[in-house]
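The lines below spell out each chain.
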Amino acid sequence: MSARLRRLIVIVVGVIVVLAVLVVGGWNVWVKSNAPKSFPQVDGEITLPGLDGPVDIYRDRMGIPHIYATTLHDLFFAQGYVHAQDRFWQMDFWRHIGSARLAEMFGKSQVETDAFLRTLGWRQVAEQEWEGLSPESQAILTAYAEGVNAYLADHTGTELSLEYGVLALLNPDYEPEPWTPVHSLTWAKAMAWDLRGNLSDEIERAILLKSLTPEQVDQLFPPYPEDMPVIVPAIGEGAPATSSPAGMPSPYPDAAFADLQQAADNLALLDAVLGPAGSAIGSNSWAVSGALTDTGMPYLANDPHLGIQMPSIWYQIGLHCQPRSEACPFEVAGFSFAGVPGVIIGHNDRIAWGFTNVGPDVMDLYIEKVNPENPNQYEVNGEWVEFETRTEVIQVAGGDPVEITVRSTRHGPVISDTYGPLKDKVEATATPFRERAGIELPEDYVIALRWTALEPSYVFEAIWGFNKAQNWEEFRQAARQFAVPAQNLLYADVDGNIGYQMPGLIPIRAGGDGRFPVPGWTDDYEWTGYIPFEELPYAFNPASGYIVTANNRVPPWDYEYLVTYDWNYGFRARRIVQMIEEASGKIDMAYLQKMQGDNYNAAAEIVVPALMQVSLPDEHLNERRALLASWDYQNDMDSAPAALFAVFWKNLLADTFHDDLPEAYYPDGGSRWFVVMRSLLQSPEDPLWDDTSTPEVETRDQVLVRAFSEAVAEIEDLLGKDASRWAWGDLHTATFENQTLGQSGLAPIENLFNRGPFPTAGGADIVNATGWDPSKGYVVDWLPSMRMIVDLSNLDNSITVHTTGQSGHAYHPHYIDMADLWRNIRYYPMWWDKQSVTSDAEAHLRLTP
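Predicted model, so just to flag it, every value in this text is computed and none were measured.

What counts as what
Residues numbered from 1 in each chain as written. Predicted model: local features only at pLDDT ≥ 70, side-chain atom pairs only at ≥ 80, totals over all residues. Heavy atoms only, no water. Helix = DSSP H or I, 4+ residues; strand = E, 2+ residues; numbered from the N terminus. Buried < 20%, exposed > 50% of the residue type's maximum accessible area, 1.4 Å probe, protein only. Contact = heavy atoms within 4.5 Å. Areas by Shrake-Rupley, 256 points an atom, 1.4 Å probe, with all protein chains shown as cover. 1 Å grid on protein atoms, 1.4 Å probe; cavity = no way out; pocket = protein on both sides within 12 Å on 5 of 7 lines; lining within 4 Å. Points joined across faces, edges and corners; volume = space filled by probe spheres on them. Nonpolar A, V, L, I, M, F, W, Y, C, P; charged D, E, K, R; others polar. Expected span 1.5 Å × (residues − 1). Pairing = 2+ DSSP bridges. Axes fitted to C-alpha atoms, helices over the stretch in contact; angles between N-to-C directions. Polar contact = N/O pair within 3.5 Å; in protein donor to acceptor, adjacent residues only side chain to side chain. Salt bridge = Lys/Arg side-chain N within 4 Å of Asp/Glu carboxyl O. Parallel < 35°, antiparallel > 145°, perpendicular 65-115°, else oblique. Left-handed = near helix turned anticlockwise from the far one by under 90°. Disulfide = S-S within 2.5 Å. Core = buried A, V, L, I, M, F, W, Y, C linked by side-chain atoms within 4.5 Å.

Caption draft 1: Seen up close, the overall build of the protein chain. Within the protein chain one finds 27 helices and 29 strands. Sorting the 849 residues of the protein chain into buried and exposed places 64% on the buried side. Long-range pairs, those at least 24 residues apart, make up 74% of the contacts in the protein chain with a sequence separation of at least 6. Total accessible area on the protein chain stands at roughly 29,600 Å², and carbon and sulfur atoms take up 50% of it.

As structure tokens, this is what we get:
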């Protein structure tokens, strides 16, 4: 949530809350009387007009609904209904993001965010997608919307969710509108943004050129290491496309950095509501064939890493046509998004699938030359053409509407909305742009974004295709529709097969490599097409007997096409491969759980040996360092060495890089920094070791000693001087925050919705990937948003867990009942057989026409 929204809520709600607290505990009385109103009916019978027949909904002991319906319409009607029962505030907030209407809920504090979202035009693209969907897909979305609206028809205010009671203090006139199919489609755009790939890296590289040499920027963005695994080692022949990058561009003019920074600031607006992106973000999945398992059949494991939030981003569900038929072909269980019909990740009766992010380079920034005599025109191949424009009106709660004009070029929306540099400043300080592109930087320009997600595509048709697929061929056919965000699609089936497919619209460029903004006024950097689906990497039953994906490099080294330069650097993938290959016997369910909870810290493997070689100035520091001597590099929750190393790593990154980088680009501690530090440690005199804020010239060993000395002082201040009481989990805690009111800055409001802190294990780019940002502290910011292990020998033996609980209602029994399971790498059954579902059911609701 933005700082402006926090301030507004503090001012408006704070006064009311304080008054309520003073009036004989009025606040507690209000909470106790209103919170239970939102708890949905889960037993008995409800009559709902519009159903074709009765629908049975069994909720197991974790509160997970399993829906049994006789028609496709009723199945998705019921899914919409139960999503609204448990998560409508989350759905409502998400659709306001997707439609760029946050100001309608939260007032003028969100106008700037809405303006940028309107510029991107997610809603317009979703409306185009609706028109292009198949009749079956439109029927699914329509039935789902009918189910949501059936719940809205007789629930209002705190009956929908406790948040609406608080929102009424801020925005008393707000009433949720009916759900529409387009609301569901916009969420695909939000997720595509969340998993957007390297746009932030593209801007960062360009901005860093202002203060660093091209060689230093190269040093901070190294190529993918050759000693790390690739997902598909061999898929044919082709010319190398991902050798070390060609020469780095010369610095842009100083004034150009203002426009790039404006673009970066616009991106940050969405980070405030969707969570930050960064190189440490990722996911894990792997499939092992029956040749390696105790059952003789495959296992499939998946844990997607997403931003920490309350409630969980996932909503677990079972969808069962009874009977399954051509007219009602769905029988599937797994994880959905509240607001979207179907199952995103899971299994049906024949196949299982999981996702990790590919992170391809599908976003390019184009510098567009503006006509200095007519700002309504920009240049294309020597001719002036008109900007496409549209007017958007942003409705503002408690204020007047705001009108904006959105401009677009042939590449896409203008996201900088600032004109070019002042000529005198450019001439005084700039390196000529012709060194970058053979042409002078134009006098007036804007920056436009081309992104595959701004072209109509049909990712949910791919999802529903996976839900129905009965074999590898049908799964791959569905994958053709998975345009954006491109995911590593992992597959296993009950016939014993395992497979992998990289999907997506991956651009082929006439020139350039996507790492920097490029001229838009010529065709030299245009996208000439997309990599044909038949030539995208895939694997089926590899000889190794396993497939591992962890956001690492996908294609072989000789792959013909460029996918991206900005892969995750492969440390999690290497560790997963190592654990598979070093298994002492057949891999079983217990071993897979151990793998998902593995806390091996590859950064420590790189840095600790170097620290052990330096001379420390006193015995106290030597005693503290001795803690690391026998450490197994596991970031366990109760580990003192893990805590000490984390504090040292934080200080080492700060002492090495903070003097060289803008604050916005301080190291986030992820896998890129593992590689940077691995290389830097081999060069004791590298200029990056020098602290430019001092007159001395520092070298590697001096920085190591200083950082460790600072770390010892810091950890003793945080956790005390008794090292036997140090524990990583005491520093590395997870607090699950409501994305809106839970970040208000007002404790009584936050305490209603937030839960934590919970001590956790793991860390950034560890298999148990509980991410943290060393520039901000030790708390968890990204995490395994769920863990799933599917047993293809017996689907009813599959297990799972997600982060918080199934319910989105504060104080509900299933609001936070999964957190301890999740942080301790424990699981619950992922029931499949109806008998297992009904035997474990804590509630049975029947919907009738």
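Caption draft 2: Examining the layout of surface pockets more closely. Its volume calculated, the second largest pocket comes out at about 350 Å³. Across the lining of the second largest pocket, the residue classes tally to 6 nonpolar, 9 polar and 5 charged.

Caption draft 3: Seen up close, helix α23 (residues 700-719). The end-to-end C-alpha distance of α23, which contains 20 residues, comes to 28 Å, matching closely the 28 Å that a straight helix rising 1.5 Å per residue would cover. Summarising the contacts, the buried residues of α23 are in contact with α19 (602-613), α20 (619-629) and α21 (640-657).

Caption draft 4: Quick peek at the sheet that holds strand β15 (residues 445-451). Overall, mixed pairing links the 3 strands, which are arranged β15-β10-β19 in an open sheet. Because the sheet does not close on itself, it has two edges, and the strands there are β15 and β19 (518-519). Judged from the 7 bridges that link them, strand β10 (residues 363-369) and β15 form a sheet pairing that is antiparallel. Within β15, the residue paired with methionine 363 across the bridge is tryptophan 451. Across the sheet, helix α10 (residues 199-208) lies against β10 and β15, angled at about 50 degrees from β10, the strand it touches most.

Caption draft 5: The arrangement of the side chain of arginine 624 in detail. Secondary-structure assignment places arginine 624 in helix α20. Its relative accessible area of 11% is what places arginine 624 among the buried residues. In this structure the side chain of arginine 624 is engaged in a polar contact, spanning 2.9 Å, whose partner is the side chain of glutamate 716. In contact with arginine 624, other than residues within four places in its own chain, are Leu644, Phe708, Val712, Glu716, Lys721, Ala723 and Trp726.

Caption draft 6: Just empty space enclosed by the protein, in detail. Inspection of the entire model under this criterion finds 15 cavities of 30 Å³ or more. Reported here for the largest cavity is a volume of approximately 260 Å³. For the largest cavity, the lining is made up of 21 residues, of which Met191, Leu195, Phe337, Phe355 and Gln487 are closest to its centre. Secondary-structure elements contributing two or more residues to the lining of the largest cavity are α9 (181-194), β5 (299-307), β9 (351-357) and α15 (459-468).

Caption draft 7: Broad picture of the sheet that holds strand β3 (residues 65-69). Here 11 strands make up an open sheet; going across it, the order is β1-β29-β2-β3-β6-β7-β8-β9-β16-β17-β21 and the pairing mixed. The open sheet has two edge strands with one neighbour each: β1 (44-47) and β21 (538-540). Sheet twist, expressed as the average angle between the axes of neighbouring strands with direction ignored, equals 15 degrees.

Caption draft 8: A look at α10. Along α10, 9 of the 10 residues are buried, which leaves the element largely enclosed by surrounding structure. Buried within α10 we find Leu199, Asp201, Glu202, Ile203, Glu204, Arg205, Ala206, Ile207 and Leu208.

Caption draft 9: Focus on the pattern of salt bridges. Applying the stated criterion across every chain, the model contains 34 salt bridges. Note that glutamate 136 is salt-bridged to lysine 468, the shortest N-O span being 2.7 Å. Linking glutamate 136 in helix α7 (residues 135-152) with lysine 468 in helix α15, this pair joins segments that are 332 residues apart in sequence. Put simply, arginine 350 and aspartate 495 hold a salt bridge, and the shortest N to O gap is 2.6 Å. Taken together, the residues span a long stretch of sequence, with arginine 350 in the loop between β8 (345-348) and β9 and aspartate 495 in the loop between β16 (487-493) and β17 (498-501) at a distance of 145 residues.

Caption draft 10: Spotlight on the packing of α21 against α23. One way to put it is that α21 packs onto α23 with a least axis distance of 8 Å and a crossing angle of 130 degrees. Looking at the two axes, α21 sits oblique to α23. Note that α21 runs across α23; the crossing there is right-handed. Here Ala643, Leu644, Val647, Phe648, Lys650, Asn651, Leu652, Asp655 and Thr656 of α21 come into contact with α23, specifically with Val703, Leu704, Arg706, Ala707, Phe708, Glu710, Ala711, Val712, Glu714, Ile715 and Leu719. Among the residues forming the contact of α21 with α23, the class breakdown is 13 nonpolar, 2 polar and 5 charged.

Caption draft 11: Broad picture of the state of the cysteines. The full count for this structure, using the stated rule, is 1 disulfide. For cysteine 321, the disulfide goes to cysteine 328, at an S-S distance of 2.0 Å. Because the sign of the S-S torsion sets the handedness, a value of about -75 degrees for the bond joining cysteine 321 and cysteine 328 places this disulfide among the left-handed ones. When sorted by exposure, cysteine 321 lands in the same class as cysteine 328, which is buried.

Caption draft 12: Geometry of the side chain of glutamine 79. Note that glutamine 79 resides in helix α3 (residues 72-98). Side-chain polar atoms of glutamine 79 contact the backbone nitrogen of glycine 342, separated by 2.8 Å. Apart from the residues within four sequence positions on either side, glutamine 79 is in contact with Ile67, Tyr144, Ile317, Leu319, Ser336, Val340, Pro341 and Gly342.

Caption draft 13: Seen up close, the nonpolar core. Counting 252 residues, the largest nonpolar core has Trp451, Phe466 and Trp649 as the members making the most contacts within it. The element that contributes the greatest number of residues to this core is α3, accounting for 14 residues. Once you skip the residues sitting within four places of it in the chain, tryptophan 451 turns out to touch Trp122, Lys189, Ala192, Trp193, Val362, Met363, Val484 and Trp527. Core analysis: the next-biggest nonpolar cluster, separate from the first, contains 7 residues, Ala115, Val396, Ile404 and Val406 among them.

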